[in-house]
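Residue-level structural notes
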Number of protein chains: 2
Amino acid sequence: MEFQAPVADILAAMQAAEEPERGGAEDIAPDTVAAIVTEAGRFATTELAPLNQIGDQRGAQFAEGVVTCPPGWREAYRRFAAAGWNAVAASPEWGGQGLPIAVEMAVQELWNAGSAAFATAPMLTAGAVLALEAHASPDLKAAYLSRLVDGTWAATMNLTEPQAGSDLGALRTRAVPAGDGTYRLTGQKVFISYGEHDLTDNIIHLVLARLPDAPSGTAGISMFLVPKILVGAGGMESRNQVVATGIESKLGLHGSPTCTMAYDEAAGFLVGEEHRGLACMFTMMNITRLTVGIQAVGVAERATQQAIAYARHRRQGRAVGWPGDGMSPIIAHPDVQAMLMRMKVLTAASRAVCHSCAYAIDAGRVANADRRRAWLDRAALLTPIAKAFASDSGVDVASLGIQVHGGAGYIEETGAAQHLRDVRVFSIYEGTNGIQAVDLVTRKLGLDSGRAVNRLIDDIAGYRGEARAANHPQLNLAADRLDAALDDLRSATDHMQQSMADDRRVKVLAGATSYLRLAALVLAGGLLARMAASAGGRVADGKPLAIACHFADMILGETVSLRRSVADGTTDFSAHATTLLSHSNPETP
Amino acid sequence: MEFQAPVADILAAMQAAEEPERGGAEDIAPDTVAAIVTEAGRFATTELAPLNQIGDQRGAQFAEGVVTCPPGWREAYRRFAAAGWNAVAASPEWGGQGLPIAVEMAVQELWNAGSAAFATAPMLTAGAVLALEAHASPDLKAAYLSRLVDGTWAATMNLTEPQAGSDLGALRTRAVPAGDGTYRLTGQKVFISYGEHDLTDNIIHLVLARLPDAPSGTAGISMFLVPKILVGAGGMESRNQVVATGIESKLGLHGSPTCTMAYDEAAGFLVGEEHRGLACMFTMMNITRLTVGIQAVGVAERATQQAIAYARHRRQGRAVGWPGDGMSPIIAHPDVQAMLMRMKVLTAASRAVCHSCAYAIDAGRVANADRRRAWLDRAALLTPIAKAFASDSGVDVASLGIQVHGGAGYIEETGAAQHLRDVRVFSIYEGTNGIQAVDLVTRKLGLDSGRAVNRLIDDIAGYRGEARAANHPQLNLAADRLDAALDDLRSATDHMQQSMADDRRVKVLAGATSYLRLAALVLAGGLLARMAASAGGRVADGKPLAIACHFADMILGETVSLRRSVADGTTDFSAHATTLLSHSNPETP
């Protein structure tokens, strides 16, 4: 089946996120954005989509330190770089286009719909460019940025070690000053996406390590730039002492090599200040977390299109009222329609939430000083929500995609199963969704003394108001449901904030995942309602209306049980944990 | 990690299903059952569990019509058969032990926890034995049953064809009378589990096909027994004209060969009456559907144990209140505990629902005439619920199992991902879960003019009463929640029955999956509450109490939104389907 770039849906999600009257992001001419997204869609469908299954079947190959990407990937990467797609959000100073993060997310969705395993490479490079722009010295910028932006070189993030995954404070890789302003890094990193590959001649690793005098924990981590190939004076090249020692056999993303990296006194350059590496890496990680959400949207969109195409083609049984003789296509069966519509609304909801976050990031960069803090808080609040909700939804959608295919969905040749295998990692990497939920409830709910989340809730109430203003009977019903869901969110938020104030941390942590999903559903409900209303006079005929109403009908009702999980359900959590897991928490219920 | 057979949990689920005062199933001495389940647990842990990962990694191999099972499987199957495990539910007339289906399900769970891919072979044989006992001629029984029961031979189900999956009425395989009382079968069957293998010397296929004079649709299907090896007078053996032409590359269950079978005038024997084959096959399929639910319980149990073991071992971060220095095991983190407890309660809920169904099947066989109909109806009602709920829960549980492992969960070597890949098929085969939901709402809700489902609801209310009688504050809270959930189920049931009466079939079908889940959750909530109460004086210290309460706290609240999906949410379903899928339903909303 042919993948079709959902250009109009992406543009609508971008538009629904805009708040120019509040000092939001700069306007980019809509026509320019539409032209870029359209062209990205063309590239994704013609160049990347055909690589997806062969990437899965052949996978990246490892032999004696060399990693070979699947057939066709090297050529596609060359064309990708030549077309300037690595440069979207980078600064014009280094050859970039300086476009908003929202545009970067729009095209990243398309790369991931084309091939998520392929898209992981440029995603990491784009994130590294942003981190270096923010934190590297002028010399490092001059030496590396333009070749990353033009795609000649690629970049990676080197954080995880065997004993340091979610807990980066435990990392042990050492960096010792060499006396000439550079450092020598020694240690092992694991789960490094594209740590080694044959797409580019050089690979620039951003590596977290400890200096000899570093304090323990996360306060003692510094960030280094470690090139695979060192380029000296006069262009002399020498191989640095960093090698891949193997790649993982994974559930999915087979085309993306996940490397174990060995550093043996590898030469590196400090990025930012000593011991401040985690903050530098977070410049990259916050964008990357949002991009992971967008990765999931891309795979979900592809899985949905594939399932709809299959359901139109496959004939089984005879649907109620099917005209004529013979079997009907399964898309005519209501239970299949219910699955397909769930796929569509979850994908649309995830896209809307991700673009709401992307807009906040952009607004945080350009807003006036008096508005800036609020936008930065909004971005900080929405990043874990977007990452976790979109990735969890991606798993639901891809699993439904298998189900629509019936027995054929379980056969690898069909391609439906690959989407589930690929999308499954997005709930895990760049901070597991559990980590996102803990980040949300322990750090982000307290932003601006709790006012940040209350402003978000007020804004969602505003979207509900916009929906009511359209004065359309179906949309009014959706707005009623959104009202009830907003009450659930307010109640759960109050409860969480009170529990934090009372230092009942076990209760807060135990309800974190439910709270995150509750917030995401209400935000999505609001954004989808706003999109339906903004179609204005076109409400009656609209796909946005159907999406908003079906989401409110079939998904939003979950907020009742989620609020209960947050507010009531955890009463005896610790006692049950002790009984069921033989593991107690210190907090008395 | 070492798998531990959950013998006590299985016995408790069996006990919670019992209703002897209503003419339920015969008592088997509890000590006997416990001894059998214990011994099965020993076999599953020592003989089967070690085969699971190698079965996945090596897979079944196909070459020139010959299928080779993974290393060690042939030997394990010999020991399995020698220990008499194929004989549990079979009639003593053919060497079986004649034990209840409930005991068969108890041991099937353990085989599947050991290795689901392995367990699929004896599952099919056990189902075929039941079908042949019920429908085959005395000659066929004499010729085949004892060797299937002692495991010398294995059996298969041959239903699906490329154009006939969910819609068996479309099948085309032809059976022509040979003039000597036998038939010649010609056609192609696909997705045939263990259609060819090297575990036994002969394979007995139960095949659905059409006679030349057959009416079209499902009313024209007959069932045939087609041996791979024909055994003639004097023990002369000849190869029948049925061969495997290939095996599928699947998402999971790699050790279980999924074959394409070619019949080319293969000799076959009619089982049961001409044109009545679907009814005969349903003898096998109803048990098999329940067994698929139990397969999912087995994999869910294994995934849960593995995740708990990993969470005890893996150290990251420092949990709130963790005593001493250094990192705590991740099982001390509340968000990880929440995942693990969700895994535990979903597994327990699925097991309870499956055993409620198994007991009804057994009671339907032995109850007095005046009670029999009600038990048969109960079994018919619970079969789709048990199959779909347990298999959907299995996917949730296995996916959470990956999540608990973090990045390691995405690496195949860890084994967590295999559980998701394996369990994913159970929502699909033996009738997709969509088919189960449609069966439930269109056929089963009408049983005994709707009284069958109302009796079920009354029985759940009775379990709630037993829970209240224990007079325990936490269990009373769970009972309150069960009351609310029962109201949701009553309301949704009334709504479904009214919609059926009004012939609003699109509405019924669109809400079928939500209704099934709603019914399953309420039944599970009732059974778990009953199990907590039946611990009697031991309520306060009990794992059953923690399971029942945590299920009521964290899962049962879903019934609110499910009721809404069934009763309200589908108001504009057809209009939305038209808009979003470009496919309309004939029913005006």
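Here we take up the overall build of chain A. Regarding its fold elements, chain A presents 18 helices and eleven strands. By the compact-globule yardstick of 25 Å for 589 residues, chain A fits well, its C-alpha radius of gyration being 24 Å. With the C-alpha coordinates aligned to their principal axes, the bounding extent of chain A is approximately 75 × 60 × 55 Å. The buried share among the 589 residues of chain A stands at 63%. Taking all contacts inside chain A whose residues are at least 6 apart in sequence as the whole, residues at least 24 apart take part in 75%.

In many analyses, interface size is given as the accessible surface area lost on bringing the parts together. Each assigned domain of chain A is listed with its residue range as follows: domain 1 (7–145), domain 2 (153–275) and domain 3 (440–571). Relative to domain 3 of chain A, the C-alpha centre of domain 1 of chain A lies at a distance of 31 Å.

Most peptide bonds take the trans form, and the phi angle of most residues other than glycine is negative. Residues and elements named next belong to chain A. In this model, His275 sits at a positive phi of 65 degrees, which is unusual for a non-glycine residue. Residue placement: His275 occurs in the loop between strand S11 (258–271) and helix H7 (277–313). Given 18 C-beta atoms within a 10 Å radius, His275 is considered partly exposed. The backbone of Asp448 sits at a positive phi, close to 50 degrees, despite the residue not being glycine. Mapped onto the secondary structure, Asp448 falls in the loop between helix H11 (433–444) and helix H12 (451–469). Under the C-beta neighbour-count criterion, Asp448 is labelled partly exposed, with 14 such atoms within 10 Å.

The biggest cluster of nonpolar side chains holds 442 residues, and the ones touching the most others in it are Val353, Leu528 and Ala548 of chain A together with Val353, Leu528 and Ala548 of chain B. For Leu528 of chain A, the contacting residues outside a window of four places in its chain are Ala348, Ala349, Ala352, Ile547, Ala548 and Phe551 of chain A.

What follows is about the relation of the copies chain B and chain A. For the pair chain B and chain A, the superposition axis carries a translation of 0.0 Å, the fit reaches an RMSD of 0.0 Å, and the rotation angle comes to 180 degrees. What the superposition gives is, in effect, a two-fold axis relating one chain to the other. Among all residues of chain B, the one whose C-alpha sits closest to the rotation axis is Glu558 of chain B, at a distance of 3.3 Å. Of the residues that chain B buries at the interface, 100% are likewise interface residues in chain A, meaning the two copies contact each other through the same surface.

Turning our attention to the interface of chain B and chain A. If you look at the interface, chain B gives 78 residues, while chain A gives 78 residues. For the side of chain B that touches chain A, the secondary structure elements donating two or more residues are helix H8 (334–366), helix H9 (369–404), helix H11 (433–444), helix H14 (505–510), helix H15 (512–534), helix H16 (543–554), helix H17 (558–567) and helix H18 (573–581) of chain B. At eight residues, the largest contribution of residues to the side of chain B that touches chain A is made by H8 of chain B. Taken together, the residues of the side of chain B that touches chain A sort by class into 35 nonpolar, 28 polar and 15 charged.

Residues and elements named next belong to chain B. If you check helix H7 (residues 277–313), its first and last C-alpha atoms are 53 Å apart, about what 37 residues at 1.5 Å a residue would give, namely 54 Å. Where H7 bends most, at Thr283, the angle is about 30 degrees. Extensive coverage of H7 is indicated by the burial of 30 of its 37 residues.

Relative to the helices and strands, Gly165 of chain B is located in the loop between strand S3 (153–158) and strand S4 (174–177). For Gly165 of chain B and Glu430 of chain B, which are 265 residues apart along the polypeptide, the C-alpha to C-alpha distance reads 9.8 Å. Not counting chain neighbours up to four residues away, the residues in contact with Gly165 of chain B comprise Gln316, Gly406 and Gly407 of chain A together with Thr160 of chain B.

A few words on the packing of H12 of chain A against helix H13 (residues 473–501) of chain A. Angle between the axes and distance between the axes: these two values describe a pair of packed helices. Residue and element names in this part refer to chain A. For the pair H12 and H13, interaxial distance at closest approach is 9 Å and the crossing angle is 170 degrees. It follows from the interaxial angle that H12 and H13 lie roughly antiparallel. Two secondary-structure elements touch here, H12 through Val453, Ile457, Ile460, Ala461, Arg464, Ala467 and Arg468 and H13 through Leu475, Asn476, Ala478, Ala479, Leu482, Asp483, Leu486, Leu489, Arg490 and Thr493.

Before going further, it helps to spend a moment on the environment of Asp370 of chain B. Residues and elements named next belong to chain B. Take Asp370: it is sitting in helix H9. In this structure Asp370 comes out as exposed when scored by C-beta crowding, with 8 C-beta atoms within 10 Å. Once the C-alpha coordinates of Asp370 and Gly23 are considered, the two residues, 347 residues apart in sequence, prove to be 9.2 Å apart.

Now for the packing of helix H9 (residues 369–404) of chain A against H12 of chain A. Residues and elements named next belong to chain A. Between H9 and H12, whose axes approach to 10 Å, the crossing angle comes to 85 degrees. Between H9 and H12, the interaxial angle falls into the category roughly perpendicular. Residues Ala374, Asp377, Arg378 and Leu381 of H9 lie in contact with H12, whose contacting residues are Ala452, Val453, Arg455 and Leu456. Tallied by class, the residues present in the contact of H9 with H12 amount to five nonpolar, no polar and three charged.

Here we take up H15 of chain B. Since the α-helix advances by 3.6 residues per turn, residues separated by three or four positions end up pointing in the same direction. If you check H15 of chain B, its first and last C-alpha atoms are 33 Å apart, about what 23 residues at 1.5 Å a residue would give, namely 33 Å. The buried fraction of H15 of chain B is high, at 22 of 23 residues.

Residue and element names in this part refer to chain B. Counting buried positions over the six residues of strand S7 (residues 222–227) gives six, a clear majority of the element. Here S7 shows a buried face lined by Ser222, Phe224 and Val226 and a second buried face lined by Met223, Leu225 and Pro227. Where S7 and strand S11 (residues 258–271) come together, three bridges link them in antiparallel fashion. The residue bridging Phe224 from the neighbouring strand is Leu270, located in S11.

With that settled, the discussion passes to the confidence of the model for chain A. Segments scoring low in pLDDT should not have their predicted coordinates read at a detailed level. In this model, chain A carries a mean pLDDT of 94, and residues with pLDDT of at least 70 account for 97%. Here the predicted complex carries an ipTM of 0.96, next to a pTM of 0.97.

Let's shift gears to the environment of Trp375 of chain B. All names here are of chain B. Position of Trp375 among the secondary structure elements: in helix H9. It is 25 Å that separates the C-alpha atoms of Trp375 and Ser514, two residues lying 139 residues apart in sequence. If we ignore the near neighbours within four places in the chain, the residues touching Trp375 are Ala360, Ala363, Gly364 and Ala367.

Rules behind the numbers
Residues numbered from 1 in each chain as written. Chains lettered and ligands numbered in written order. Predicted model: local features only at pLDDT ≥ 70, side-chain atom pairs only at ≥ 80, totals over all residues. Helix = DSSP H or I, 4+ residues; strand = E, 2+ residues; numbered from the N terminus. Rg over C-alpha atoms; globule rule 2.2 N^0.38 Å. Buried ≥ 20, exposed ≤ 12 C-beta atoms within 10 Å, placed from the backbone. Contact = placed C-beta atoms within 7 Å. Domains from an automatic or database assignment. Core = buried A, V, L, I, M, F, W, Y, C linked by C-beta atoms within 7 Å. Least-squares fit on C-alpha atoms with pLDDT ≥ 70 in both. Nonpolar A, V, L, I, M, F, W, Y, C, P; charged D, E, K, R; others polar. Expected span 1.5 Å × (residues − 1). Bend = angle between axes of the 7 residues up to and from the residue. Axes fitted to C-alpha atoms, helices over the stretch in contact; angles between N-to-C directions. Parallel < 35°, antiparallel > 145°, perpendicular 65-115°, else oblique. Pairing = 2+ DSSP bridges. pLDDT = per-residue confidence, 0-100.

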